[in-house]
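Per-entry structural report
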Amino acid sequence: MTGAEAAAVAGEEAPGALDKPVSLWRRLRRHRLCMTGAVIFGCVLLLALFADLLQVLPPEKMQVRLRFKTPDFPYPLGTDNYGRDIWSRLVHGARLSLSIGFAVALVTGITGTLIGVAAGYFKRLDSPLMRSMDALMAFPAILLAIAIAAALGPSASNAVIALSVVYTPRTARIVRSTVLVVREMDYVQAARACGGVDLWIIWRHVLPNCMAPLLVQLTFIFAYAILAEAVLSFLGVGPPPPAPTWGSMIAEGKDYLREAPHICLIPGMAVALVCLGINLLGDGLRDVLDPRLRVQIG
Amino acid sequence: MIEFVLRRLLAALPVLLLVSLISASIMELVPGDPAALIAGQGATNIEIANIREQLGLNRSFVARLGGWYHDLARGDLGNSILLNRPVTQAIAERLPVTLALAGFALLLTVAVGLPCGVVAAVYANTWIDQAVLTFALIGVSVPNFWLGLMMIVLFGVMLDWLPAGGYVPFSDDPLGWVRCLILPGISLALLQVGLLARITRATMLEVLQQDYVRTARAKGLPFISVVGKHALKNVMVPVITVIGISFGLLLSGSVVIETVYSIPGMGRLLANAVFGRDYPLIQGGLLLTAAVLVLLNVAVDVLYAVVDPRVKYDRR
């Protein structure tokens, strides 16, 4: 019996349990904006997955004679200041951006859940853990990420670490608040009365009932992370050149705004489009999974 | 009231302590020898030794931490390596510019975001509502530094309406000051406008369903004054929080926006510190911003109590 079913038997509504995938999908499909977001995200995901097939040239291949070409055949989006094909860099950049975003969401999901559950379930750990989270949250997100990334040195994995440190407290806070509700539910009390071991109760009853808000939050963190990674790369503390990140493509284009604005224009639009897609998806998920917040979207 | 303020400040103390500890530890994250990294390739051993001495890397972490708190108590955040002068002095010099920019952006945020949110809630589920929500969504999705660059191309280069960057002090040329704040202000505010409009709309929708709004309408009060007087007052509580958060985001957003627009503010100072691996400056900037935000949160809490009489002073 899963937590959700246990809740149903006990006649209580679990605050954040996920539905069965089929009914969830059916409800999501009716949400038009959410589907729009899913389609946008799906397209970019395909570009990222098949970047090697879609590329015109290797993304790092420079051609000195073909610098600043405007979009035309055979370079569909033109070339940049080193004569590299922007389209090829864009699809490889999608791979990099989505991987970093996904890694941040994954790491944040795991650490945030661990901390959130520990703080919410074990009262003794609550105060020290959450005060530390408060302290981390006192820093503006981007600024702390920049500082950490600058200290660790520019690389993709360090960007993931920096952004995960920044977004973990926000996730932990949401998980904790759900756990605080769930742990008082009768079915958790019953499991405890039956002599259930804490870790087993957490795994079997608490965690499944925290999934919905967590999933919604992670979707938004995915989008934030992609935006923030662009900022880090733009400031030169993301993956080092010649890695084709969207942020560094914008940074390189900014010196040629007059002559060749397309170098800058295209990767920025890619960031905006992906974030728009993920945000739409997240809004839809929230509408469907978290009815308490439905008012916000309307 | 005073007791309430004091208690909030006291509650903020542990967070401030942790914040300073985190700022102080940033340099510990540097893999290898920070001094060699700062000095760069081709630096002599003497140069590296000098920087090591300057950063106090010869001492243990605990000793350095003790020194950091000792200096902090005297309002000293150490010396910037790149600028070769006190961090506090460098930041204090640049802070007014950033505050002007962030203040301008905050003004824009409230002036645009609040009315947009209210209108969207009043005309919920019409095309106006859709337009505001779409705009808000775009605001949350577009990278602001990129938008800044695009606006430079459009308004600064192609149309030549506004300066493409730089900063004119207010005392030199008030009009020029406003002109050079417009583009960076808009780039910085866009994200916050989106957030504020969404929160205002959501809160307003909830408030409009309350009984007292219906009563006021039933009394025959015009809709405008019901929204403007009865509802807006109740919307203000969450909105103040968002504005408080916004200011922090605006401050940190200035790091990248000031770089884009070559504005000599604290943000650009910190961005340069990141480029140059000027750790004392990064740490100082981090600590100051976080401290300002923690205190701002206290101020927001106090403001709650002023705006909303239901918030009690005497209970937490």
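Fair warning: this is a prediction, and the values are worked out from it, not measured in the lab. (Residues numbered from 1 in each chain as written. Chains lettered and ligands numbered in written order. Predicted model: local features only at pLDDT ≥ 70, side-chain atom pairs only at ≥ 80, totals over all residues. Heavy atoms only, no water.)

**So, the overall build of chain B**
Each helix and strand in chain B was counted, giving 12 helices and 0 strands. When the helices and strands of chain B are listed from N to C terminus, the series reads α-α-α-α-α-α-α-α-α-α-α-α. Along the first, second and third principal axes, the C-alpha atoms of chain B reach 80 × 60 × 35 Å. When the 316 residues of chain B are sorted by exposure, 46% land in the buried category. Carbon and sulfur atoms make up 66% of the accessible area of chain B, which amounts to about 15,100 Å² in all. Across chain B, 22 positive and 19 negative side-chain charges occur, with their mean positions spaced 11 Å apart. (Helix = DSSP H or I, 4+ residues; strand = E, 2+ residues; numbered from the N terminus. Buried < 20%, exposed > 50% of the residue type's maximum accessible area, 1.4 Å probe, protein only. Areas by Shrake-Rupley, 256 points an atom, 1.4 Å probe, with all protein chains shown as cover. Lys, Arg positive; Asp, Glu negative; His and termini not counted. Charge placed at Lys NZ, Arg CZ, Asp CG, Glu CD.)

**As for the domain arrangement of chain B**
Each assigned domain of chain B is listed here: domain 1 (2-73) and domain 2 (94-275). Spacing between the C-alpha centres of domain 1 of chain B and domain 2 of chain B amounts to 35 Å. (Domains from an automatic or database assignment.)

**With respect to the packing of aromatic side chains**
All names here are of chain A. Applying the stated criterion to the full structure yields 6 aromatic pairs over all chains. The rings of Phe41, Phe102 and Phe222 are connected pair by pair, giving a single aromatic cluster. Directly above the ring of Tyr121 sits Arg183, whose terminal nitrogen or CZ lies 5.6 Å from the centroid. (Phe/Tyr/Trp six-rings, centres within 6.5 Å; stacked < 30°, edge-to-face > 60°. Lys NZ or Arg CZ within 6 Å of the ring centre and 35° of its normal.)

**Thoughts on a nonpolar patch on the surface**
Residues and elements named next belong to chain A. Taken together, the side chains of Leu45, Leu46, Leu49, Phe50, Leu53 and Leu54 make up a nonpolar region of the molecular surface, amounting to roughly 580 Å² of accessible area. Looking at the nonpolar patch, the elements with two or more residues in it are helix H3 (32-49) and helix H4 (51-54). If one sorts the elements of the nonpolar patch by residue count, H3 sits on top with 3 residues. Examined against the element boundaries, Leu46 turns out to sit in helix H3. (Patch = residues over 30% accessible without salt bridge, like charges linked within 9 Å, V, L, I, M, F, W, Y side chains within 5 Å. Salt bridge = Lys/Arg side-chain N within 4 Å of Asp/Glu carboxyl O.)

**Section: the interface of chain B and chain A**
By a widespread convention, an interface's size corresponds to the accessible area lost as its parts come together. Residue-level contacts link 47 residues of chain B with 46 residues of chain A. Both faces combined, the contact of chain B with chain A buries some 3,900 Å², and carbon together with sulfur accounts for 80% of it. On the chain B side of the contact with chain A, Ser141, Phe145 and Trp146 of chain B bury the most area, a combined 14% of that side's loss. Applying the counting rule to chain B against chain A returns 1 salt bridge. Arg198 of chain B is the salt-bridge partner of Asp283 of chain A, the closest N and O atoms lying 3.0 Å from each other. Our enumeration of links across chain B and chain A arrives at 5 residue pairs in polar contact (both at pLDDT 80 or more). (Contact = heavy atoms within 4.5 Å. Buried area = accessible area lost by both parts, 1.4 Å probe. Polar contact = N/O pair within 3.5 Å; in protein donor to acceptor, adjacent residues only side chain to side chain.)

**Some points on the side chain of Asp134 of chain A**
On the secondary structure map, Asp134 of chain A appears in helix H6 (residues 123-138). On the basis of relative accessible area, Asp134 of chain A is assigned to the buried category, the value being 17%. Residues in contact with Asp134 of chain A, not counting those within four places in the same chain, are Arg173 of chain A together with Val15 of chain B.

**Side note on the nonpolar core**
Core analysis: the biggest nonpolar cluster contains 174 residues, and Phe234 and Trp246 of chain A have the highest contact counts within it. Built from parts of two domains, this core gets at least three residues from each of domain 1 (2-73) and domain 2 (94-275) of chain B. Sequence-distant contacts of Trp246 of chain A, that is, excluding residues within four places in its chain, are made with Val44, Leu90, Gly93, Ala94, Ser97, Pro267, Ala270, Val271 and Val274 of chain A. (Core = buried A, V, L, I, M, F, W, Y, C linked by side-chain atoms within 4.5 Å.)

**Overview of the packing of helix H5 (residues 86-121) of chain A against helix H13 (residues 262-289) of chain A**
Residues and elements named next belong to chain A. Packing of H5 against H13 brings their axes to within 11 Å, and their N-to-C directions diverge by 35°. Considering how the two elements wind past one another, H5 and H13 form a crossing that is right-handed. Facing Ile86, Leu90 and Leu98 of H5, the residues of H13 in contact are His262, Ile263, Ile266, Pro267, Ala270 and Val274. Looking at the contact of H5 with H13, its residues break down into 8 nonpolar, 1 polar and no charged. (Axes fitted to C-alpha atoms, helices over the stretch in contact; angles between N-to-C directions. Left-handed = near helix turned anticlockwise from the far one by under 90°. Nonpolar A, V, L, I, M, F, W, Y, C, P; charged D, E, K, R; others polar.)

**Here we look at unusual backbone geometry**
Even without a glycine there, the phi angle at Ser262 of chain B is positive, about 45°. Mapping Ser262 of chain B onto the fold places it in the loop between helix H10 (223-260) and helix H11 (266-275).

**Some thoughts on the pattern of salt bridges**
Note on pairing: side chains with opposite charge can pair once their charged atoms come close. With the rule as written, the count across this model stands at 11 salt bridges over all chains. For Asp283 of chain A, the salt bridge is made with Arg286 of chain A, and the minimal N-O distance between the two is 3.2 Å. With Asp283 of chain A and Arg286 of chain A both in helix H13 and 3 residues apart, the pair spans about one turn of that helix. A residue is classified by how much of its surface remains accessible, and Asp283 of chain A, at 8% relative accessible area, is buried. Arg286 of chain A sits in the buried class, given a relative accessible area of 11%. Where Arg85 of chain B meets Glu93 of chain B, a salt bridge forms, and the shortest distance between an N and an O atom there is 2.8 Å.

**Examining the packing of helix H7 (residues 141-152) of chain A against helix H11 (residues 211-234) of chain A**
Residue and element names in this part refer to chain A. In the contact formed by H7 and H11, the axes pass within 10 Å of each other and the chain directions differ by 50°. Between H7 and H11, the interaxial angle falls into the category oblique. With respect to the hand of their crossing, H7 and H11 are arranged in right-handed fashion. Judged by residue contacts, Ile142, Ala145, Ile146 and Ala149 of H7 engage Ala228, Val231 and Leu232 from H11. Looking at the contact of H7 with H11, its residues break down into 7 nonpolar, no polar and no charged. (Parallel < 35°, antiparallel > 145°, perpendicular 65-115°, else oblique.)

**Thoughts on H5 of chain A**
Taking 1.5 Å of rise per residue, the 36 residues of H5 of chain A would be expected to cover 52 Å, and the 50 Å separating its terminal C-alpha atoms lies within 8% of that figure. Extensive coverage of H5 of chain A is indicated by the burial of 26 of its 36 residues. (Expected span 1.5 Å × (residues − 1).)

**Considering the confidence of the model for chain B**
Residues and elements named next belong to chain B. In the predicted model, chain B carries a mean pLDDT of 82, and 97% of its residues have values of at least 70. In the model of chain B, helix H2 (residues 34-39) stands out as the element of lowest mean pLDDT, 73, in contrast to helix H5 (residues 87-122), which has the highest, 88. In the predicted assembly, ipTM is 0.81 and pTM is 0.84. (pLDDT = per-residue confidence, 0-100.)

**Overview of the environment of Leu296 of chain B**
All names here are of chain B. For Leu296, the location among the structural elements is in helix H12 (residues 279-307). Overall, Leu296 belongs to the partly exposed group, its relative accessible area being 24%. Sequence separation between Leu296 and Gly248 is 48 residues; the distance between their C-alpha atoms is 8.6 Å. With near-sequence residues (within four places) excluded, Leu296 lies in contact with Gly244 and Phe247.

**What to know about the environment of Leu98 of chain A**
Residues and elements named next belong to chain A. Note on placement: Leu98 falls in helix H5. Classification of Leu98 as buried rests on a relative accessible area of 6%. C-alpha separation for the pair Leu98 and Ala138, spaced 40 residues apart in sequence, amounts to 27 Å. Those residues within four positions of Leu98 in sequence are excluded, and the remaining contacts are Phe41, Val44, Leu45, Ala48, Phe222, Ile226 and Val274.

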